[in-house]
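The lines below spell out each chain.
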Amino acid sequence: IQRFVCDDSGYPYVPVPEYGAGVTVSGTAVSWNDSNDAQYYLYPSTTSDADIKAEWKSGGYTGTACTSKGTPTASGKQFEQTFTFDTVAAGDYKLAIFKPDKYVPKIVSITVGTDAYDCGQLKLWLYGDVNYDGKVKAGDATQILKYTSYKRTFSEEEMLAADVNNDGKIKAGDATQILKYTSYKASAFDNIP
């Protein structure tokens, strides 16, 4: 549907959107620590998750950084941080949230229209924290072993957290890495930014 507007002469015309016009995209990230080091980027929807994760590992980002982010505030045992992107053009994007200290990169597909877009509350998961209690413990390794022996299923977030060695598969080796980590031995956790 086209909406016609009349100019001063009374003749109707279709207004052309201003170059650079866009809407606000915002949300809240929830994590287990109050550090203000999370990074928020928007990528074109055609960028693969693998390419986004490769940037996370290299530290060289091509996405558009957020315009502003708030100071993390306590919310029970967790902390919430708001983020905002200004003047985002309509289209399909991937929102990527990167937080150091062993957090799984959060990648969410979004479609921005002509109204402000609220991503809502997005939980950030720690690698190895399969039960999402903010700690990596032997019990998390047990959950992975149950998964590998078909005694339980995992949600998408649990699967990402369980893939400690980041090879795209959930195996007993991931549980072993957690047990090494909890015993203060060298593990795959040493390679996580």
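The structure contained in this document is the topic of the report that follows. (Residues numbered from 1 in each chain as written. Predicted model: local features only at pLDDT ≥ 70, side-chain atom pairs only at ≥ 80, totals over all residues. Heavy atoms only, no water.)

1. Remarks on the overall build of the protein
When helices and strands are tallied, the protein shows four helices and 11 strands. When burial is assessed residue by residue, the protein has 36% of its 193 residues classed as buried. For the protein, contacts bridging at least 24 residues in sequence account for 61% of all contacts bridging at least 6. Looking at the protein as shown, the accessible area adds up to about 11,100 Å², and 51% of this sits on carbon and sulfur atoms. (Helix = DSSP H or I, 4+ residues; strand = E, 2+ residues; numbered from the N terminus. Buried < 20%, exposed > 50% of the residue type's maximum accessible area, 1.4 Å probe, protein only. Contact = heavy atoms within 4.5 Å. Areas by Shrake-Rupley, 256 points an atom, 1.4 Å probe, with all protein chains shown as cover.)

2. Describing the pattern of salt bridges
Tallied over the entire structure, the rule returns five salt bridges. The salt bridge involving Lys94 is made with Asp49; its shortest N-O contact spans 2.8 Å. Here Lys94, found in strand β9 (residues 91–98), pairs with Asp49, found in helix α1 (residues 49–58); they are 45 residues apart in sequence, far enough to count as distant. A residue is classified by how much of its surface remains accessible, and Asp49, at 34% relative accessible area, is partly exposed. In this structure, Glu158 engages Arg152 in a salt bridge whose closest nitrogen and oxygen atoms are separated by 3.1 Å. You can call Glu158 buried: its relative accessible area is 15%. (Salt bridge = Lys/Arg side-chain N within 4 Å of Asp/Glu carboxyl O.)

3. Remarks on the packing of aromatic side chains
Tallied over the full model, the rule gives 11 aromatic pairs. Cluster of aromatic residues (ring-pair linked, three or more members): Tyr41, Tyr43, Tyr61 and Phe98. For Lys99, the ring lying beneath its charged end belongs to Tyr103, and the centroid distance is 5.8 Å. (Phe/Tyr/Trp six-rings, centres within 6.5 Å; stacked < 30°, edge-to-face > 60°. Lys NZ or Arg CZ within 6 Å of the ring centre and 35° of its normal.)

4. Some points on the sheet that holds strand β10 (residues 106–112)
A sheet is described by the order of its strands in space; here four strands give the open sequence β5-β4-β9-β10, paired in antiparallel fashion. Each edge of the sheet is formed by a strand with only one pairing partner; in this case those strands are β5 (64–65) and β10. Here seven bridges tie β9 to β10, and the two strands are oriented antiparallel to one another. Each residue of the ladder has a partner; that of Tyr93, found in β10, is Ile110. This element, α1, spans β4 (39–44), β9 and β10 of the sheet and lies at about 35° to β9. (Pairing = 2+ DSSP bridges. Axes fitted to C-alpha atoms, helices over the stretch in contact; angles between N-to-C directions.)

5. Describing the pairing of β4
Of the strand pairs in this sheet, β4 and β9 are connected by six bridges, and their pairing is antiparallel. Across the sheet, Pro44 pairs through a bridge with Tyr93, a residue of β9.

6. So, the side chain of Thr47
Positionally, Thr47 belongs in the loop between β4 and α1. Its relative accessible area of 18% is what places Thr47 among the buried residues. Filtering out sequence-adjacent residues up to four positions away, Thr47 remains in contact with Ile52 and Lys94.

7. Examining the environment of Ile178
Within the element layout of this structure, Ile178 appears in helix α4 (residues 172–182). Judged by relative accessible area, which is 0%, Ile178 ranks as buried. Sequence spacing of Ile178 and Gly139 is 39 residues, and the spatial spacing of their C-alpha atoms is 9.4 Å.

8. Some remarks on unusual backbone geometry
With a phi close to 50°, Tyr132 is a non-glycine residue in the positive phi region. Topologically, Tyr132 is positioned in the loop between β11 (117–123) and α2 (138–148). Since its relative accessible area comes to 14%, Tyr132 is described here as buried. Located in the positive-phi region is Asn166, a residue other than glycine, with phi close to 55°.

9. Brief notes about α1
Turning to α1, its buried residues are Ile52, Glu55 and Trp56. Down the axis of α1, the buried set is contained in an arc of 105°. They therefore lie on one face. Residues of α1 that are exposed and angled more than 90 degrees away from the buried face: Ala50, Lys57 and Ser58. Looking at the buried residues of α1, the elements they touch are β4, β9 and β10. Of the residues trailing α1, Gly59 is marked for its positive phi of about 85°. (Arc of directions from axis to C-beta.)

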